[in-house]
Amino acid sequence: MKKILVYGSYGYTGQLIVEHAVKEGLDLILAGRDEKRLREQAEKFNLPYRSFAVEETAKLDAALQEVDAVLHCAGPFVLTFKAMAEACIRNKKHYVDISGEIEEFEELALMNDEAKRAGVMLLPGGGFDVVPSDCLIAYTAGKLPGATDLKLYIKSIGSGVSRGTARSGVENSHRAGRIRRDGKIVSVPNLYDSKDIDFGRGPSKLVTMGWGDVSTAYHSTGIPNVTVYMGFPKSMISVMKFTKVAGPLLYSRAARNFIKWLIGIFFAPGPSREKNKTGFSLLIAEVTDGTKTISAKLRTPEAYYLTALTSVEIMKHILSNDLKPGFQTPSKVYGADFIMQFAGVEREDL
C-alpha cells in the first residue's frame, strides 16, 4: 500500500486531517518535531511516527524514502516549506500543504521546472486556503474569458481561528497587505480598502487581506489584477488598525516570538468540534473585463473541517497517480468542480 507522511500531524488541523485520513483508509506515517505529542497520537491511531525537524536533512530524507507523498501541515509555512519542498524534489516525492502564505506559493512556483524534471507535483494551498476559492475563481473566470480584474470576498460564520493560523498571521505581519496589479504582487497597507458586501443576509463589512489567492488566482486564470476582501470580528480589525499604526515596532523577531508565545497561552487550539460541524463559509468571486461583470457564490463547510476533507481527497488522487508534475493550483490539476464533491458545498451564479 502506498504511504503518506503527514508532517505536523499533531497540530490542530493536522489532527483533523489524520482522523479523516484514517477513516478513509489511507496508510500514514506521522511526523513532526515533538516526539511526546507524536507518540501519543501514534498510539491513539496505531500508526508509525518519525520525530525530526525539517532542518535535520538526513532524518527528513530517510522518512521520505518510506512514503510516496507528503502532506505538510507545520506552519508558519514561511519557516518550514522550503526545506520540505526541496527534500521532496530531491527524493522524488509529491508535495502538498495546507498553507495560505503568498510568499511560499510564489517561491514554489519558481521551483516548477525543477519539480517537473523530478516528476514531482508541488501543490500548496490544499485546504480552505485555497481549494474552495481557487475552484470558485476558475469557475467564474471560465464564464468570462479575457477578464482583467478579480475581486474575492470571504466571510466565515460560526467558526474561529486556530493557534497555528494566528501564529502564521503574526509571522507574516511585517509584510503588510498584498494585492496583484498588472500581474505583479504589490504591498499595500493593512486595511488598504473596505467594502460592504451582501452574501444574502444583509451587508457585511469586509477589509482587504493578503490571502493566498492573490498568488494562486493568477496562476490558475491569468487574471492580472486580484484583490481579496475578508470579514473579521471587530476586535480583530481593531488589532489590525493598531499594527498599521505601530508598524515596525511589532515586526522584530523578538516581538513576533513574544506575540506567538502569548497566542499559545490565550488562544484555544482551534474551533470546537461543534463549530466544525455547524460553522460555514461564504465566498463570492467577481470578475470583469471592463465591460461585463460575472459573479458566483460558494457556500462551504467550516474552514478547518473542510481543510481535512480537501487535503485528504487530494492525497487520494495522488496515490492513484492522478496528478500533474510541477507547480500546480487545485483548479489547474483537478478542475473548477473539484470542490463540488464535498457534502455541504453549494454554488450559485449571481
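Preceding block: the structure.
What counts, and where the lines are drawn
- Per chain, the residues get numbers from 1 upward, laid out in the order the sequence is written.
- With pLDDT at 70 or above as the cut-off, local features in this predicted model cover only qualifying residues; side-chain atom pairs require 80 or more to be listed or tallied, and sums for whole chains, interfaces and linings still use all residues.
- Just so you know, side-chain values use all the structure's heavy atoms and leave hydrogens and water out.
- Note on conventions: DSSP H or I runs of at least 4 residues are helices, E runs of at least 2 residues are strands, and numbering of each starts at the N terminus.
- Each residue is assigned to one of three classes by its accessible area relative to the maximum for its type, calculated with a 1.4 Å probe on protein chains only: buried under 20%, partly exposed between the two thresholds, exposed over 50%.
- Only the protein chains shown count as covering a residue, and every accessible area follows the Shrake-Rupley method with a 1.4 Å probe.
- To estimate how far a helix should reach, multiply one less than its number of residues by 1.5 Å.
- Polar contact criterion, stated in full: a pair of N or O atoms within 3.5 Å, where within protein one must be able to donate a hydrogen and the other to accept it, and residues adjacent in sequence count only if both atoms are side-chain atoms.
- At least two DSSP bridges between two strands are needed for those strands to be called paired.
- Residues are treated as being in contact if the distance between any of their heavy atoms lies within 4.5 Å.
- Fitted lines through C-alpha atoms serve as axes, helices being fitted only where they are in contact, and the angles separating the N-to-C directions of these axes extend from 0 to 180 degrees.
- Geometric relationships in this document are graded by angle, where less than 35 degrees denotes roughly parallel, more than 145 denotes roughly antiparallel, 65 to 115 denotes roughly perpendicular, and other angles denote oblique.
- In a left-handed crossing the near helix is turned counterclockwise from the far helix by less than a right angle, and in a right-handed crossing that turn is clockwise.
- What makes a nonpolar core is a set of buried Ala, Val, Leu, Ile, Met, Phe, Trp, Tyr and Cys residues whose side-chain atoms join them at distances within 4.5 Å.
- We count a salt bridge whenever a side-chain nitrogen from Lys or Arg sits within 4 Å of a carboxyl oxygen from Asp or Glu.

Student: Just checking my understanding: could you explain the overall build of the protein chain for this structure?
Tutor: Helix and strand content of the protein chain: 14 helices and 16 strands. The buried share of the protein chain, taken over its 350 residues, is 55%. Only carbon and sulfur atoms are counted for the fraction: they give 52% of the accessible area of the protein chain, which is about 15100 Å².

Student: Is there a simple way to think about helix α13 (residues 303-319) in this case?
Tutor: Along an α-helix, residues three or four apart share an orientation, since each turn contains 3.6 residues. With 17 residues, α13 should reach 24 Å at 1.5 Å per residue; the first-to-last C-alpha distance of 24 Å fits that figure. Here α13 lies mainly inside the structure; 15 of its 17 residues are buried. Near the N-terminus of α13, the side chain that reaches the backbone nitrogen of Tyr304, with its oxygen 3.1 Å away, is that of Glu302. Looking at the residues trailing α13, positive phi occurs at Asn321, about 65°.

Student: Got a minute to help me understand the sheet that holds strand β3 (residues 49-51) in this structure?
Tutor: Pairing between sheet strands relies on hydrogen bonds along the backbone, with the strands arranged either parallel or antiparallel. Ordered by their spatial adjacency, 7 strands build an open sheet running β3-β2-β1-β4-β5-β6-β15, and the pairing between neighbours is parallel. In the strand order of this sheet, the two ends are held by β3 and β15 (326-327), each with one partner. Note that strand β2 (residues 27-32) and β3 share 3 bridges and pair parallel. Bridge pairing in β3 places Leu30 opposite Tyr49. In the packing of helix α2 (residues 35-45) onto the sheet, the strands contacted are β2 and β3, and the crossing angle to β3 comes to about 175°.

Student: I would appreciate a short explanation of the packing of helix α1 (residues 12-23) against α13 in the present structure.
Tutor: The description of two helices packed together rests on the angle between their axes and the distance between the axes. Two numbers describe how α1 lies on α13: the axes approach to 9 Å, and their chain directions differ by 50°. With respect to their mutual orientation, α1 and α13 come out oblique. Our pair here, α1 against α13, has a crossing hand that is right-handed. Contact residues: α1 offers Tyr12, Thr13, Leu16, Ile17, His20 and Ala21, while α13 offers Tyr304, Tyr305, Thr307, Ala308, Leu309, Ser311 and Val312.

Student: Just to check I follow, could you spell out unusual backbone geometry for this structure?
Tutor: Excluding glycine, a negative phi dihedral is what most residues carry, and trans is how most peptide bonds are arranged. Across the junction of Gly75 and Pro76, the peptide omega takes the value -5°, indicating a cis bond. Tracing the backbone shows Pro76 in the loop between β4 (69-72) and α4 (77-91). Cis rather than trans, the peptide bond between Asp129 and Val130 has omega equal to 20°. Along the chain, the position of Val130 falls in the loop between β6 (121-123) and α7 (131-141). A positive phi angle is found at Lys92, which is not glycine, with a value near 60°. Note that Lys92 resides in the loop between α4 and β5 (94-97).

Student: What should I look at first to understand the side chain of Thr140 in this one?
Tutor: Looking at the secondary structure, you find Thr140 in helix α7. You can call Thr140 buried: its relative accessible area is 1%. In this structure Thr140 touches Ala285, Val287, Ile294, Ser295 and Ala296, once residues within four positions along its chain are discounted.

Student: Help me understand the pairing of β5 in this model?
Tutor: A regular strand places its side chains so that they alternate between the two faces of the sheet. Neither face of β5 is open: one carries His94 and Val96, the other Tyr95 and Asp97, and all of them are buried. Summarising the sheet, β5 and β6 pair through 2 bridges and their orientation is parallel. Its bridge partner being in β6, Tyr95 is matched across the sheet by Leu122.

Student: Just checking my understanding: could you explain the side chain of Asp149 for this structure?
Tutor: Positionally, Asp149 belongs in strand β7 (residues 149-157). Of the residues examined, Asp149 reaches a relative accessible area of 16% and is grouped as buried. Within the local environment of Asp149, its side chain forms a polar contact with the side chain of Lys151, the two groups lying 3.0 Å apart. Setting aside chain neighbours within four positions, we find Asp149 in contact with Ile223, Asn225, Glu286, Val287 and Thr288.

Student: Looking at this structure, I do not really get the nonpolar core. What am I missing?
Tutor: One broad trend across soluble globular proteins is that nonpolar side chains are buried collectively. Leu28, Ile318 and Tyr334 are the most contacted members of the largest nonpolar core, which has 65 residues in total. It is α13 that contributes the most residues to this core, 10 residues altogether. Those residues in contact with Leu28 that lie beyond four places of it in its chain are Ile4, Val6, Val18, Ala21, Val22, Leu47 and Pro48. Core analysis: the second largest hydrophobic core is formed by 27 residues, Val54, Val67, Ala109 and Val120 among them.

Student: Please explain the pattern of salt bridges as it appears in this structure.
Tutor: Pairs can form between side chains of opposite charge whenever their charged atoms are close. Overall, the coordinates contain 14 salt bridges when judged by the stated rule. Measuring nitrogen to oxygen at the nearest pair gives 3.0 Å for the salt bridge that ties Glu55 to Arg33. Remark: Arg33 occurs in the loop between β2 and α2 and Glu55 occurs in the loop between β3 and α3 (57-64); sequence separation between them is 22 residues. We classify Glu55 as partly exposed; its relative accessible area is 48%. A relative accessible area of 51% means that Arg33 is categorised as exposed. Through salt bridges that share partners, Glu24, Glu313 and Lys316 make up one connected network.

Student: Explain helix α9 (residues 213-221) here, please?
Tutor: Along α9, the residues that are buried comprise Asp213, Val214, Ser215, Thr216, Ala217 and Ser220. Backbone geometry just after α9 places Gly222 at a positive phi near 80°.

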